[in-house]
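Fold and geometry: a report
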Amino acid sequence: MNEMTAIIAQVTPDKAEIARLFDLPFLDLVARAHAVHVEHHPRNAVQLSTLLSIKTGGCAEDCGYCSQSAHHKSGLKAEKLMTADAVVAAAQAARDAGSGRFCMGAAWREPKDRDMPALLDMVRRVKALGLETCMTLGMLTDGQAESLAEAGLDYYNHNIDTSPDHYDQVITTRSFQDRLDTLDRVRAAGMAVCCGGILGMGESREDRIGFLHALAMLPAPPESVPLNALVPIAGTPLGDMLADTPMARIDEIEFVRTVAVARILMPASMIRLSAGRESMSDSSQALCFMAGVNSIFTGDRLLTTGNNGADADALLFARLGLMANP
Ligand code: SAM
Ligand code: DTB
Ligand code: SF4
């Protein structure tokens, strides 16, 4: 063990220690995170995932950031669950464009049992294309988690979104504990956990510390940690908050710091730079890769908002000497 890894090994997920990491000089923090990164992951390599909204809008939850909540007036048109054929065609196109993982998202509080056969069919057929599969469908029962795992679902995405203290400012229709319960069911069914959150929702540094602490203190660290920067959507409470107070937008240096601390606390996890990448400069994205990001969503769309297209990403990867899906 060299000196750097000895220091890293001493880090325990204690809030005071996490605060000290955040307070390090920026370059020291990023260097330390990068040292952890290259010990656990291939160098200069970034996984490409594609997202598809398989059921859009009309959601019963009131997440303050979300275009898809029926509680907000974002103007989004609700759509029914896509057919498995249409989902498989989109997965095929994603694979042909170079994606290694296909993530299917549904705007539900939880799936209904009557939707399960179609969802299981999607999982089996997308997996048969040779893609890793991920779904995010809201809360799950034990039985639903087990049948998704049996069908071959590799990852389930369910975010804690923010710190336990800030959570009630963002969502009132389901509790932080509800989310932890679903994560337990996903884990018990044998699927890998994809769990992260959003930065720039008016939270404090202390909340970002509490958020990373909660992730690192899960019974096992999530295999995959999506870090989103809030995409402000007009008509949602948080989108309107950002329009009124642009200063609340997450500072890019603070975003990179949060990536770096996440990397140090969860050395083996994939860290995915998710929503918000479109408004980030190439230099900020490069700093995110340096600090520990090793996965992104590519393609023109996330769920309901735009994303950096494959061409822009190919150009960025060439400029930075990054390999996709090594
Ligand atoms: N309905 C499911 C659920 O919430 O569990 C799945 C879909 S939901 C859109 C997945 C995640 O996307 C949310 O937990 C949130 O972290 C992220 N997200 C949604 N809208 C966002 C926005 N406007 N900006 C940044 N991240 C967002
Ligand atoms: C996650 O944490 N980010 C992705 C994925 N999980 C499902 C979703 C981002 C959605 C951004 C807003 C939208 O496109 O509606
Ligand atoms: Fe529904 Fe998910 Fe949007 Fe919340 S984030 S309103 S649960 S689609």
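Look up: the structure comes first, before these words.
These lines cover the structure that appears in this document, whether it is placed above or below.

About the cut-offs
- Residues numbered from 1 in each chain as written.
- Chains lettered and ligands numbered in written order.
- Predicted model: local features only at pLDDT ≥ 70, side-chain atom pairs only at ≥ 80, totals over all residues.
- Heavy atoms only, no water.
- Salt bridge = Lys/Arg side-chain N within 4 Å of Asp/Glu carboxyl O.
- Helix = DSSP H or I, 4+ residues; strand = E, 2+ residues; numbered from the N terminus.
- Buried < 20%, exposed > 50% of the residue type's maximum accessible area, 1.4 Å probe, protein only.
- Axes fitted to C-alpha atoms, helices over the stretch in contact; angles between N-to-C directions.
- Parallel < 35°, antiparallel > 145°, perpendicular 65-115°, else oblique.
- Left-handed = near helix turned anticlockwise from the far one by under 90°.
- Contact = heavy atoms within 4.5 Å.
- Near = heavy atom within 4 Å.
- Polar contact = N/O pair within 3.5 Å; in protein donor to acceptor, adjacent residues only side chain to side chain.
- Areas by Shrake-Rupley, 256 points an atom, 1.4 Å probe, with all protein chains shown as cover.
- Nonpolar A, V, L, I, M, F, W, Y, C, P; charged D, E, K, R; others polar.
- Right-handed = clockwise from strand over helix to strand, strands pointing away.
- Pairing = 2+ DSSP bridges.
- Core = buried A, V, L, I, M, F, W, Y, C linked by side-chain atoms within 4.5 Å.

1. Structural notes on the pattern of salt bridges
One pass over the full model with this rule turns up 18 salt bridges. The salt bridge partner of R125 is D121, with a shortest N-O separation of 3.5 Å. One end of the pair, R125, and the other, D121, are both in helix α5 (residues 116-128), 4 residues apart, so they sit about a helical turn from each other. Here R179 and D161 are joined by a salt bridge, their closest N and O atoms 2.9 Å apart. Of this pair, R179 sits in helix α7 (residues 176-188) while D161 sits in the loop between β4 (155-157) and α7; the two residues are 18 residues apart in sequence, bridging distant segments of the chain. Overall, the relative accessible area of 1% leaves R179 in the buried class.

2. Overview of the packing of α5 against helix α6 (residues 142-151)
Where α5 meets α6, the axes come as close as 8 Å, and the angle between the chain directions of the two elements is 30°. Here α6 runs roughly parallel to α5, going by the angle between their axes. Considering only the axes of α5 and α6, their crossing is right-handed. Where α5 abuts α6, its residues M116, L120, V123 and R124 lie against Q144, S147, L148 and A151.

3. Comments concerning the site of ligand 1
Lining the immediate surroundings of ligand 1 are 17 residues, of which Y65, T136, N159, D161 and V231 lie closest. Within the backbone of A106, a nitrogen or oxygen atom sits 3.2 Å from a nitrogen atom of ligand 1. With respect to ligand 1, the side chain of D161 contributes an N or O atom lying 2.7 Å from an oxygen atom. Calculation on ligand 1 without its partners gives an accessible area of 560 Å², and the protein chains cover 90% of this total. Classifying every residue of the shell around ligand 1 by side-chain character gives 10 nonpolar, 5 polar and 2 charged.

4. As for the site of ligand 3
If you check the shell around ligand 3, you find C59, E61, C63, Y65, C66, S69, A107 and R174 and nothing else. Residue composition of the shell around ligand 3, by class: 5 nonpolar, 1 polar and 2 charged.

5. A word on the side chain of T236
Positionally, T236 belongs in the loop between β7 (224-229) and α9 (237-244). Ignoring anything within four residues of it in the chain, the contact list for T236 reads G64, Y65, C66, S67 and H72.

6. Looking at the pairing of strand β3 (residues 132-136)
Along β3, 4 of the 5 residues are buried, which leaves the element largely enclosed by surrounding structure. Following the backbone out of strand β2 (residues 101-106), through α5 and into the adjacent parallel β3, one traces a crossover that is right-handed. Relative to β4, β3 runs parallel, the two being bridged by 2 bridges. Opposite C134, over in β4, you have Y155 as the bridge partner. In this fold, β3 hands off to α6, which returns the chain to β4; that crossover is right-handed.

7. Details of the nonpolar core
Among the nonpolar cores identified, the biggest contains 87 residues, and M135, L148 and F255 are the most heavily contacted of them. With 8 residues, helix α10 (residues 252-265) is the largest single contributor of residues to this core. Apart from residues lying up to four places away in sequence, M135 is in contact with M104, L119, M122, V123, L148, L153, Y155, Y156 and N157. The next biggest cluster of nonpolar side chains, apart from the first, holds 8 residues, and it includes C134, Y155, A275 and L302.

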